[in-house]
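Coordinates in review
Here is how the chains run, residue by residue.
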Amino acid sequence: MKDWMERNWQFVTTGISGVLIVVGCLIGNDVGDFWTAVIFLSAFVIGGFEQAKEGIAATIKTKKLNVELLMILAATGASIIGYWFEGAILIFIFSVSGALETYTTNKSKREITKLMAFQPERAFRFLPNGDVEEVAAKDLQLDDRVLVRPGESVPIDGVIVRGSTTLNEAAINGESVPVEKTVDAEVFGGTVNVSSAITIKVTQTFDNTIFSKIIRLVETAQSEPSKTARFIERFEDAYVKAVLLFVLVMMFLPHFALGWSWNETFYRAMVLLTVASPCALVASVTPATLAAISNGARHGILFKGGVHLENLRGVKAIAFDKTGTLTKGTPELTDQIFKEHIDKQQVINVAAAMERQSLHPLAAAITKALDSEVTDKLTEIEVTDVPGWGVQTSYKGETWQVGKAGYVGAENAVKFSNGAFERLASEGKTIVYVAKEGEIVAMFALKDTCRPEAIRTIQALKAKGIKTIMVTGDNAQAGAAIQAELGMDRVVSGCLPEKKVDVLKELSVTYGSVAIVGDGINDAPALAHAAVGIAMGEGTDIAMETADVVLMKNDLEKIPYAYTLSERLHWISWQNICFAIAVILLLITANVFQVINLPFGVVGHEGSTILVILNGLRLLKSNRK
């Protein structure tokens, strides 16, 4: 009950204010003017106290006028000339809109509360003697061993040192499908152990976990307004001053120029004070921005502020780092070509045994691919590593080599490939040869394969009219092959990490506003200089620090979603702004021609505020497909 009251006390006070207004209307004629005034004054104080307090405090702090002060003046002015009911209605509906705006803000921030609900408070730490003690998660130290049983949340970031399991990582990356984890795999605090008990070694302090960083990022993002919101905040002070000046003129000019009575003149001035207040205008952007940021956080997209979310829709081109972003980042064996009439199984066994002892990434890929075909692991083989070229061994008195064409004999390599090299190289593949006694017996082609979602992402962005550019350190031939496979508009090849900022500047001259997507490590300078820096990489530290937008899962398809979210925010914000301005102008005009009274002006003005807030709340829903 206490928690409910803390969340909804503004609705409670607003409700009491409304009840008092109803009571005043029902018994006003029976109890006399004094008690009627007391009832309505009570409705004033109970319903409007919080807004009045916030308005006065904000004015003192910022030395700027605000809409809360206009509402207080309007209600006070209405009461002075005997319109207690109208003044009470003004305060009541203003209180309703204020309570609703607070509710909207709290609802958008509830994503943090949901996240924090996943943040474990307790952990089970192993003692040196093997016993387990229950401790506070924040007290865990680096290298502590922690037991995580099925159904429990992982208390802190670490690596698995015993056991294997399935983890639900939705709290971290927004992905609902559980993932398999085994020894040496990273685990994150706040994820849920689904299947089996595991032991983890702590690798981060509690305040430094990915989970804690996510919460801080969302909190920071919700406190940083967009450019449109900042403009409206600056505009509010000047607008309020203009309204007060206009009201001051309205209090005298109609009486002398049009012959209105003093009572009617003052009444119309109070109506003007009410309907000209920019309540709806002020509420048109911020609640919508908070809702959009919360929507993104729920889907594993963290915006570091409303300004970055707003900027995304203005992007005309997106540059992608290739390795680890568009591609998986690890080569895979794609083609095997063997010499005719050769013992293919022997070649596979020997090549796999040799590559198993090499640390080169290509060797690891060949070993992984051939393991299932190996019939004899030949553990007695010893290899000599020739850095930059390949490996060599002696097996059954014969010399075997695995490596580049120049290592095994370039002429022999050209003769053996019989045109296959050119075809495979044009597809962006790297060729490794196997030679026996100086004669090439096999060639393997390897390629860093594209992510399955990369093609869909590029197509979705192109459908939105966004140019896509790949920036890679590979040669032009390899870059062109990936470009063709993904259907990208342009490729910049041979680009070293330190040159990416210069490339980004050149792209900005060509296309205008350019975003860049990278893994957050060697792309950090470019991420910092881009109009919008988007980091992938499962939430690495450098991504958190450098990028404007962080994708908590390596899912490129979140980028079109984020872009659509930015478009929706822009559209809804300007819907609200135009609607708010139109209502204000309509009500001011109606008041000048004396066709509306104060209650109708209050309902029209504050009703528009409620509508723009509700319209902004639509951004809490997922993007329409």
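Structure report, in brief. Everything quoted here is computed from the prediction, not taken from an experiment.

About the thresholds
- Residues numbered from 1 in each chain as written.
- Predicted model: local features only at pLDDT ≥ 70, side-chain atom pairs only at ≥ 80, totals over all residues.
- Heavy atoms only, no water.
- Helix = DSSP H or I, 4+ residues; strand = E, 2+ residues; numbered from the N terminus.
- Buried < 20%, exposed > 50% of the residue type's maximum accessible area, 1.4 Å probe, protein only.
- Contact = heavy atoms within 4.5 Å.
- Areas by Shrake-Rupley, 256 points an atom, 1.4 Å probe, with all protein chains shown as cover.
- Phe/Tyr/Trp six-rings, centres within 6.5 Å; stacked < 30°, edge-to-face > 60°.
- Axes fitted to C-alpha atoms, helices over the stretch in contact; angles between N-to-C directions.
- Parallel < 35°, antiparallel > 145°, perpendicular 65-115°, else oblique.
- Nonpolar A, V, L, I, M, F, W, Y, C, P; charged D, E, K, R; others polar.
- Pairing = 2+ DSSP bridges.
- Patch = residues over 30% accessible without salt bridge, like charges linked within 9 Å, V, L, I, M, F, W, Y side chains within 5 Å.
- Salt bridge = Lys/Arg side-chain N within 4 Å of Asp/Glu carboxyl O.
- Lys, Arg positive; Asp, Glu negative; His and termini not counted.
- Charge placed at Lys NZ, Arg CZ, Asp CG, Glu CD.
- Polar contact = N/O pair within 3.5 Å; in protein donor to acceptor, adjacent residues only side chain to side chain.

**Notes on the overall build of the chain**
The helix and strand inventory of the chain stands at 24 helices and 22 strands. For the chain, buried positions account for 52% of its 625 residues. Within the chain, residue pairs in contact and separated by at least 24 positions form 68% of the contacts whose partners lie at least 6 positions apart. Split by element, the accessible area of the chain, about 28,700 Å² in all, is 58% carbon and sulfur.

**Section: the packing of aromatic side chains**
This model, assessed by the stated rule, comprises three aromatic pairs. Summarising the aromatic geometry, the rings of F256 and W262 are spaced 5.6 Å apart at their centres and angled 85° between planes, so their arrangement reads as edge-to-face. For F256, a relative accessible area of 63% translates into the label exposed. With centroids separated by 6.2 Å and ring planes inclined at 80°, the aromatic side chains of F338 and F444 adopt a geometry described as edge-to-face.

**Observations concerning the packing of helix 8 (residues 262–275) against helix 23 (residues 558–592)**
As a packed pair, helix 8 and helix 23 sit with axes 9 Å apart at the nearest point and diverge in direction by 175°. Considered as vectors, helix 8 and helix 23 are oriented roughly antiparallel to each other. Each of R268, V271, L272 and V275 in helix 8 lies in contact with helix 23, whose residues at this interface are I584, L587, I588 and N591. Split by residue class, the contact of helix 8 with helix 23 holds six nonpolar, one polar and one charged.

**Describing the sheet that holds strand 5 (residues 165–168)**
Strand pairing in a sheet takes place through backbone hydrogen bonds and is either antiparallel or parallel in direction. Read across the open sheet, the three strands follow the order 6-5-8; overall the sheet is antiparallel. Here the strands that pair on one side only, and so sit at the sheet edges, are strand 6 (179–181) and strand 8 (192–193). Relative to strand 6, strand 5 is paired through three bridges, and the arrangement is antiparallel. Bridge assignment links T165 to a residue of strand 6, and that residue is K181.

**With respect to the pairing of strand 11 (residues 317–321)**
Burial within strand 11 is extensive, with five of its five residues counted as buried. Burial along strand 11 is two-sided: the face carrying A317, A319 and D321 and the face carrying I318 and F320 are both buried. Bridge analysis of strand 11 against strand 20 (residues 514–518) gives four bridges, and the strand direction is parallel. Paired with A317 across the two strands is V514, which belongs to strand 20.

**Re the packing of helix 23 against helix 24 (residues 598–617)**
Close contact between helix 23 and helix 24 brings their axes to 10 Å; oriented N to C, the two are set at 175°. For the element pair helix 23 / helix 24, the angle class is roughly antiparallel. Only F600, G601, G604, H605, S608, L611, V612, N615 and G616 of helix 24 make contact with helix 23, whose side of the interface consists of I572, Q575, N576, F579, V583, I584 and L587. When the residues that make up the contact of helix 23 with helix 24 are grouped by side-chain class, the tally is eight nonpolar, eight polar and no charged.

**A look at a positive patch on the surface**
On the surface, K64, K227, R230 and R234 cluster together into a patch of positive charge. Along the polypeptide, R234 turns up in helix 6 (residues 227–250).

**Considerations on unusual backbone geometry**
Phi is positive for L378, close to 50°, though the residue is something other than glycine. By the element assignment, L378 lies in the loop between helix 14 (361–370) and strand 13 (383–386). Among the residues examined, L378 registers a relative accessible area of 5% and is labelled buried.

**Describing helix 14**
The set of residues buried in helix 14 consists of L362, A363, A365, I366, T367 and L370. Those residues of helix 14 that are buried lie in contact with strand 12 (327–338), helix 13 (344–355), strand 16 (430–436) and strand 17 (439–450).

**Concerning the pattern of salt bridges**
Summed over all chains, the structure comprises 16 salt bridges. Here E152 ties to R149 by a salt bridge, and the two come within 2.9 Å at their closest N and O atoms. By relative accessible area, R149 is classed as partly exposed at 33%. Two residues, D371 and R356, come together in a salt bridge whose shortest N-O distance is 3.3 Å. Linking D371 in the loop between helix 14 and strand 13 with R356 in the loop between helix 13 and helix 14, this pair joins segments that are 15 residues apart in sequence.

**Side note on the environment of F416**
As for its placement among the helices and strands, F416 is situated in helix 16 (residues 410–417). The buried category is assigned to F416, whose relative accessible area is 18%. Taking the C-alpha atoms as reference, F416 lies 8.5 Å from A442; in sequence the two are 26 residues apart. Residues in contact with F416, not counting those within four places in the same chain, are I337, F338, K339, I440, V441, A442 and M443.

**Re the sheet that holds strand 3 (residues 145–148)**
Read across the open sheet, the six strands follow the order 2-1-3-9-4-7; overall the sheet is antiparallel. Whereas interior strands pair on both sides, the edge strands pair on one side only; in this sheet they are strand 2 (132–136) and strand 7 (186–187).

**Remarks on the pairing of strand 3**
When strand 1 (residues 122–126) meets strand 3, the two strands line up antiparallel, connected through two bridges. The residue of strand 3 that forms the bridge with F124 is L147. Sheet topology note: the strand 3/strand 9 (residues 198–202) ladder contains four bridges and is antiparallel. Among the inter-strand pairings, L147 is bridged to a residue of strand 9, identified as T199.

**Concerning a nonpolar patch on the surface**
Where nonpolar side chains cluster on the molecular surface, the patch consists of L245, F246, L248, V249, F252, L253, F256 and W262 and spans about 840 Å² of accessible area. Secondary structure elements with two or more residues in the nonpolar patch: helix 6 and helix 7 (253–257). Here the element with the most residues in the nonpolar patch is helix 6; it accounts for four residues. Take F256: it is sitting in helix 7.

**Here we look at the side chain of T191**
Within the fold, T191 resides in the loop between strand 7 and strand 8. A distance of 2.6 Å separates the side chain of T191 from the backbone oxygen of F188, its partner in a polar contact.

**A short note on the environment of D184**
Structurally, the position occupied by D184 is in the loop between strand 6 and strand 7. Taking the C-alpha atoms as reference points, D184 and V159, 25 residues apart in sequence, are found 5.5 Å from one another. If sequence neighbours within four positions are ignored, D184 has contacts with V159 and I160.

**Describing the side chain of T472**
In this structure, T472 sits in the loop between strand 18 (467–471) and helix 19 (476–486). Excluding residues that lie within four positions of it along the chain, T472 makes contacts with K322, G479, V491, V492, S493, G494 and C495.

**Comments concerning the environment of V391**
By secondary structure assignment, the location of V391 is in strand 14 (residues 390–395). C-alpha of V391 to C-alpha of K404: the two residues are 13 residues apart in sequence and 9.8 Å apart in space.

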